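Now for the letters of each chain:
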Amino acid sequence: MRPYLAILSARFRALLQYRAAAVAGFGTQLVWGLIRMMIFDAFYASSAATQPLSREHAVTYVWLGQALFAMLPIQVDADVRNLVRSGSVAYELLRPVDLYGLWYARALAARTAPTILRAVPMFVVAGIFFGLEAPPSLGAGLGWLATLAGALLVGCAFMTLCTVLLVWTVSGDGLARWAPQVTYVLSGMVLPIPFFPAWARPVVEALPFRGMVDVPARIYVGDIQDPLRELGLQLGWTFALVILGRFLLGRAVQRLEIQGG
Amino acid sequence: MVYLHLILASVRSQLQYRASFIIMASGQFLITLVEFAAIAALFARFGTLRGWSLAEVALLYGMVNVSFAIAEAAGRGFDVLPESIRTGELDRVLLRPRSVALQVAFRELQIMRAGRFLQGAIVLGWATTKLGVAWTVPKIALLAASLVGGAATFVGVFVLQATLAFWTVETLEIMNTVSYGGTETGQYPISIYRPGFRAFFTFVVPIAFANFVPAHLILGRSGVPEALGWASPLVGFAFLGACLLVFRLGLRHYASTGS
């Protein structure tokens, strides 16, 4: 376990240095959140019909998504992409650590350090000025923290799977480019899942993506009361994605040909 | 025309990667389609948005996306300007006896933006059919001019973003909030936003004139002076002109990085 923790902590500390990028990311997400918030405000002001989420909950849901945007698995590991392209990925195979574990540790660092830099100011600004509410109860807050950890684990398992796909250069790269779009829609970032049409919900709710944004956000506002069941789903999907990622990586390494030189 | 050669060379080089072109273009097509489906889902729940129907919003949505797709295809060359400044590549561009702005713009014509263009056009077509717009020659001309005027506005934003690199020597990602954020904003009636925000996208970066203002005339809605509606495409070109002036100012300020 120690080498992976070392990789995690080294990458984590390295990524904490990118403060200018964090400021830019924070600004982008703030503007995005404002647009979404104003759109929801306008919709709620236009209709008195009962909605699946109250206006306050919808706005809080939007801000949680923006605050934790950097946690979404939408950017594959650029370093690994370059390693594959240049052929240096061969060196990765020489390291005396498990490659999947190494990449998973890198994914964990990449989803935590940037998130902390952006989320803390976002909670402060959106909390004071733009209607990001506190969780209604201690239970909701704790459930949120637990499922946030679940969201991190399942997100990183999905990210590492995408990283593994990169080894299949052309076709894998194409698939990995699709992943962010799929994640973005099915996690609830584009539209909170409760607003999805009824026919789409059973499918969307069974998929792993919802665990990345929708689950923690709805537990936070108190819309979902059963965090344990959701956490179980997140961990089940994490397990399945890890198994799939490991299997594909094994296959990839077997067929890997490195050009000498 | 030398610029035409530049454009064709860029298109040919991108078509060499056919599989990745198809994947990227279809990916973009699908994601924008789903984004529109999300708006439709909200209308299914709320019925109306401050007096605007789904089809009317679809007109705004289609217009701004087509404009943005044209702008991205034509003006994304400015994206690589900061890189050219950093590497010193820009010095070579300056040596050529041709317009710097056009050389930069046409270095890269991104054809994979076809996905967004297609989707915007489909939504636009659906909206006008659904609304039963009574098309007249002036209205068609206004729509076409507004699309190009809107594209000019977005190219202006790209130019401005790139120009800042003359001073900062790096890309300012925060400017993406104006280009992408402007598209996002323009997908809904500008009137639903808060005053400061609305003023910014009307008077500073005039995206309201790319769709909201001319759409009033096309839809026959009241609320916008008629003359202003007809003149709205000009606003986009005026904005682009102003941005190009700033670009020239930046160019004069430019001192090679020496690398």
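Remember, predicted model here, so these are calculated numbers, not experimental data. (Residues numbered from 1 in each chain as written. Chains lettered and ligands numbered in written order. Predicted model: local features only at pLDDT ≥ 70, side-chain atom pairs only at ≥ 80, totals over all residues.)

With that settled, the discussion passes to the overall build of chain B. Within chain B, the secondary structure is distributed over 12 helices and 0 strands. Overall, chain B shows an N-to-C arrangement of helices and strands of α-α-α-α-α-α-α-α-α-α-α-α. For chain B, whose C-alpha radius of gyration is 19 Å, the value lies close to the compact-globule estimate of 18 Å for 259 residues. Here chain B holds 259 residues, and the buried ones make up 42% of them. A sequence separation of at least 24 residues applies to 82% of the contacts in chain B between residues at least 6 apart. (Helix = DSSP H or I, 4+ residues; strand = E, 2+ residues; numbered from the N terminus. Rg over C-alpha atoms; globule rule 2.2 N^0.38 Å. Buried ≥ 20, exposed ≤ 12 C-beta atoms within 10 Å, placed from the backbone. Contact = placed C-beta atoms within 7 Å.)

Now for the overall build of chain A. Scanning chain A from N- to C-terminus turns up 11 helices and 0 strands. Across chain A, helices and strands are ordered from the amino to the carboxyl terminus as α-α-α-α-α-α-α-α-α-α-α. In terms of C-alpha radius of gyration, chain A reaches 19 Å, essentially the compact-globule figure of 18 Å for 261 residues. The C-alpha extent of chain A, read off along each of the three principal axes, is 70 × 40 × 30 Å. The buried share of chain A, taken over its 261 residues, is 45%. Summarising the internal contacts of chain A: among those between residues at least 6 apart in sequence, 82% fall at separations of at least 24.

Time to look at the interface of chain B and chain A. The interface is formed by 31 residues belonging to chain B together with 27 residues belonging to chain A. Counting only elements with at least two residues in the side of chain B that touches chain A, the list comes to α2 (18-46) and α9 (176-186) of chain B. With 15 residues, α2(B) is the largest single contributor of residues to the side of chain B that touches chain A. Considering only residue class, the side of chain B that touches chain A consists of 17 nonpolar, 8 polar and 6 charged. (Nonpolar A, V, L, I, M, F, W, Y, C, P; charged D, E, K, R; others polar.)

Quick look at the packing of helix α8 (residues 137-168) of chain B against helix α11 (residues 212-219) of chain B now. Residues and elements named next belong to chain B. At a minimum axis separation of 10 Å, α8 and α11 run at an interaxial angle of 165°. As far as their axial angle goes, α11 and α8 are roughly antiparallel. For the crossing formed where α8 meets α11, the hand is left-handed. Here Lys139, Leu142, Leu143 and Ser146 of α8 come into contact with α11, specifically with Pro214, Leu217 and Ile218. (Axes fitted to C-alpha atoms, helices over the stretch in contact; angles between N-to-C directions. Parallel < 35°, antiparallel > 145°, perpendicular 65-115°, else oblique. Left-handed = near helix turned anticlockwise from the far one by under 90°.)

What follows concerns the nonpolar core. Ranked by internal contacts, the top residues of the largest apolar core, which has 145 residues, are B:Leu60, B:Met63, B:Ile70 and B:Val155. The element contributing the most residues to this core is helix α7 (residues 138-165) of chain A, with 15 residues. Excluding residues that lie within four positions of it along the chain, B:Met63 makes contacts with B:Leu124, B:Ser146, B:Leu147, B:Gly150, B:Ala210, B:Asn211 and B:Ala215. (Core = buried A, V, L, I, M, F, W, Y, C linked by C-beta atoms within 7 Å.)

Across its 28 residues, helix α12 (residues 226-253) of chain B extends 42 Å between first and last C-alpha, which sits within 8% of the 40 Å expected from 1.5 Å per residue. Maximal helix bending in α12(B) amounts to about 45°, located at B:Ser232; proline B:Pro233 follows within four positions. (Expected span 1.5 Å × (residues − 1). Bend = angle between axes of the 7 residues up to and from the residue.)

It is worth spelling out the confidence of the model for chain A at this point. Scored by pLDDT, chain A has a mean of 90; 96% of the residues are at 70 or more. Within chain A, the lowest mean pLDDT, 77, falls on helix α8 (residues 169-186) of chain A, and the highest, 97, falls on helix α10 (residues 214-221) of chain A. (pLDDT = per-residue confidence, 0-100.)

All names here are of chain B. For Arg50, which is not glycine, the phi dihedral falls at a positive 45°. Secondary-structure assignment places Arg50 in the loop between α2 and α3 (54-75). Residue Arg50 is classed as exposed on the basis of its C-beta count, with 12 C-beta atoms lying within 10 Å.

This brings us to the confidence of the model for chain B. Summarising the model, chain B shows a mean pLDDT of 85, and 93% of its residues fall at 70 or more. For this predicted complex, the interface confidence reaches an ipTM of 0.87, while the overall pTM sits at 0.89.

Another point: the environment of A:Leu165. Residue and element names in this part refer to chain A. Looking at where Leu165 falls in the secondary structure, it is placed in helix α7. The exposure class assigned to Leu165 is buried, which follows from the 23 C-beta atoms found within 10 Å. As a C-alpha pair, Leu165 and Ala176 span 11 residues in sequence and 6.7 Å in three-dimensional space.

Within α9(B), 8 of the 11 residues are buried, which leaves it mostly tucked inside the rest of the structure. If you check which residues of α9(B) are buried, you get B:Thr177, B:Val178, B:Ser179, B:Gly181, B:Gly182, B:Thr183, B:Thr185 and B:Gly186. Close packing links the buried residues of α9(B) with α2 (19-46) of chain A together with α3, α8 and α10 (195-204) of chain B.

What follows concerns the environment of B:Tyr180. Among the structural elements, B:Tyr180 can be located in helix α9. Judged by the 16 C-beta atoms lying within 10 Å of it, B:Tyr180 falls in the partly exposed class.

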